[in-house]
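Structural features, examined
Here is what each chain is made of, one letter per residue.
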Amino acid sequence: MAGVLAKKCLASPLRLVHRRLSAPEVRVQCCYHAKVVDHYENPRNVGSLDKRSKNVGTGLVGAPACGDVMKLQIEVDDMGKIVDAKFKTFGCGSAIASSSLVTEWVKGKSLDDALMIKNTDIAKELSLPPVKLHCSMLAEDAIKAALIDYRHKQQENQLGAVEATN
């Protein structure tokens, strides 16, 4: 059975991952899609932006059930276009892959277009199994939280400008 599983995984875009548990004779085998492995092994846009900057929105979200925590930051230009995105994620490979993918997708988009990215799109692109769908939901929530933070900063900036003129 394990040989059939290994051949199936090696012949498909999935990667076979071995993990030894406490007993040396016990092995767990699971398959991850090649895109998940690629984003996990070569994550894009890892890092931070200046959270104090008025044109940077920061979203920090977590999933208490599994312990994943995701920080997504977006930098927006004066025309309302996302020009940069960074992430830091503490969690499983699927959470890291979801974060990495989202940073690539939001760059160059308007705020409204970024808001249209759904967890189902992320899950489909990465071929996430049902047990890992919470990772794509977390990534969608991180986008929304970063956009809310950015818009809140813009409203504060406008209120400050109005008060300064009075």
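Residues numbered from 1 in each chain as written. Predicted model: local features only at pLDDT ≥ 70, side-chain atom pairs only at ≥ 80, totals over all residues. Heavy atoms only, no water.

Quick look at unusual backbone geometry
The bulk of non-glycine residues show a negative phi, and the bulk of peptide bonds are trans. Even without being glycine, Asn45 reaches a positive phi, approximately 65°. Judged by its relative accessible area of 17%, Asn45 is buried. One non-glycine residue with positive phi stands out, namely Ser127, at about 55°. Structurally, Ser127 can be placed in the loop between helix 5 (119-126) and helix 6 (133-165). (Buried < 20%, exposed > 50% of the residue type's maximum accessible area, 1.4 Å probe, protein only. Helix = DSSP H or I, 4+ residues; strand = E, 2+ residues; numbered from the N terminus.)

A look at helix 3 (residues 93-106)
With 14 residues, helix 3 ought to run about 20 Å at 1.5 Å a step, and its terminal C-alpha atoms sit 20 Å apart, in line with that. For helix 3, the tally of buried residues reaches twelve of 14 residues, placing the bulk of the element in the interior. Listed as buried for helix 3 are Gly93, Ser94, Ala95, Ile96, Ala97, Ser98, Ser99, Ser100, Leu101, Val102, Thr103 and Val106. (Expected span 1.5 Å × (residues − 1).)

Some words on the sheet that holds strand 5 (residues 82-90)
Reading across the sheet, the three strands line up as 3-4-5 and stay open at both edges, with antiparallel pairing between neighbours. The open sheet is flanked by strand 3 (56-63) and strand 5, the only strands paired with a single partner. Taken pair by pair, the neighbouring strands of this sheet meet at an average axis angle of 15°, ignoring direction. Pairing of strand 3 with strand 4 (residues 68-76) involves eight bridges; the strand directions are antiparallel. By the bridge assignment, Gly62 is partnered in strand 4 with Val69. (Pairing = 2+ DSSP bridges. Axes fitted to C-alpha atoms, helices over the stretch in contact; angles between N-to-C directions.)

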